[in-house]
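# Geometric and topological summary
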Amino acid sequence: MSQPLVDYQVEQHIATITFNDPKSLNAFGTPLKNGVLKALAEAEADDQVRVIILQGAGGNFSSGGDIKEMLSEGLDKDIISSKLKGMVEGAGEVSLKLRNIHKPIIAKLEGAVAGAGMNLALTCDFRIAADNAKFVQAFVNIGLIPDAGGIYLLNQLVGAAKTTELVMLGDKLKAEDMARLNLVNSVVSADELDASVQALANRLSQLPGKALASMKHMLNVHAFMGLNEALDMEVEQQTMMAKTDDFIEGVTAFVEKRKPVYQGK
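In what follows, the accompanying structure is described. Nothing here was measured: the structure is a model prediction, and the numbers come from that model.

## Remarks on the pairing of strand β1 (residues 6–11)
Where β1 and strand β2 (residues 14–19) come together, six bridges link them in antiparallel fashion. The partner of Q9 across the bridge, within β2, is T16. Linkage of β1 to β2, two consecutive antiparallel strands, is achieved through a turn of two residues, within which Q12 is found at a positive phi near 50°.

## A closer look at the sheet that holds β1
With mixed pairing, six strands are arranged side by side in an open sheet as β1-β2-β3-β4-β6-β9. This sheet does not close on itself; its edge strands, each paired only once, are β1 and β9 (186–188). Taking the axes of each pair of neighbouring strands and ignoring which way they run, one obtains an average angle of 20° across the sheet. Strand direction decides the pairing type here: β2 and strand β3 (residues 51–56), joined by six bridges, are parallel. Across the sheet, residue T16 finds its bridge partner in β3, namely I53.

## With respect to helix α1 (residues 30–45)
The terminal C-alpha atoms of α1 lie 23 Å apart, and with 16 residues this matches the ideal 22 Å at 1.5 Å per residue to within 8%. Those residues of α1 lying buried are L32, K33, V36, L37, A39, L40 and A43. Axial view of α1: buried residues confined to an arc of 165°, hence all on one face. Away from its buried face by more than 90 degrees, α1 exposes P31, K38 and A45. On its buried face, α1 is in contact with β1, β2, β3 and α3 (77–100).

## Side note on the nonpolar core
Membership of the largest hydrophobic core comes to 46 residues, with the highest contact counts inside it found for V36, I52, V94, L98, L109, V113 and F135. Of all the elements, α1 adds the most residues to this core, at six residues. Residues contacting V36, with those up to four places away along its chain left out, are V6, F19, F28 and V94. Counting 16 residues, the second largest nonpolar core, distinct from the first, contains L71, L84, F139 and F254.

## Digging into helix α8 (residues 193–205)
Helix length check: α8 (13 residues) gives 18 Å between terminal C-alpha atoms against 18 Å at 1.5 Å per residue, within 8%. Along α8, the residues that are buried comprise L193, V197, L200, A201, L204 and S205. End-on view of α8: buried residues confined to an arc of 135°, all on one side of the axis. Relative to its buried face, α8 has exposed residues pointing more than 90 degrees away, namely A195 and R203. Looking at the buried positions of α8, the neighbouring elements they touch are β2, β3, β4 (105–109), β6 (126–130), β9 and α9 (209–223).

The rules behind the values
- Residues numbered from 1 in each chain as written.
- Predicted model: local features only at pLDDT ≥ 70, side-chain atom pairs only at ≥ 80, totals over all residues.
- Heavy atoms only, no water.
- Pairing = 2+ DSSP bridges.
- Helix = DSSP H or I, 4+ residues; strand = E, 2+ residues; numbered from the N terminus.
- Axes fitted to C-alpha atoms, helices over the stretch in contact; angles between N-to-C directions.
- Expected span 1.5 Å × (residues − 1).
- Buried < 20%, exposed > 50% of the residue type's maximum accessible area, 1.4 Å probe, protein only.
- Arc of directions from axis to C-beta.
- Contact = heavy atoms within 4.5 Å.
- Core = buried A, V, L, I, M, F, W, Y, C linked by side-chain atoms within 4.5 Å.

Structure, rendered in structure tokens:
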């Protein structure tokens, strides 16, 4: 029997949602999106769940958007634009869900944390990174703009100047770089990652749930009120970008080189 694309487990008031497509480094496409939304809905509805952990299987969190899905019907610009529109809308839907669930969500980060994967991690309430994690806003490498709330979230967390650098240059960041920017809560060795995330989840699960929910609601109002509007703008801009020669050349080079976009140029 094949393994589910998204694994969902609950133990001791903690729901663990796992991106389970290690062959693609947990590339974020429509099937994975659907599975994540289903799992998040279950965790939200279950009164026994107090904390959610989001993680990736196979030593990577996520390599970002699924390029194979983008190109599954060829390089016709109108077809790609339509397909990309749906994918960007889907990533945004997950981002909103992560914010609108009034339970603490921890992103457990290792290996590739790229593109939409990085931005979904930024949407979570806590981020614990292994020292082997590599982060990148890889969109510029294929002529696109960040999705899943990337520019908005980075601007809220680190300001416009650093956001401009991260998204326009698309440089890779080590976990230590992310810690210096206060974009992760802590960095631990890969061997300590499981225990560190579990310890934080256990601690949160024992705190007053209604107070935590109210805090998250207030943070959404004061720090993330513009996320919905930003996600709508991403869909508009990405749909246009998909018809540009820069994008077609970028994804064609990706296919020819068979090189993960998250690695950069």
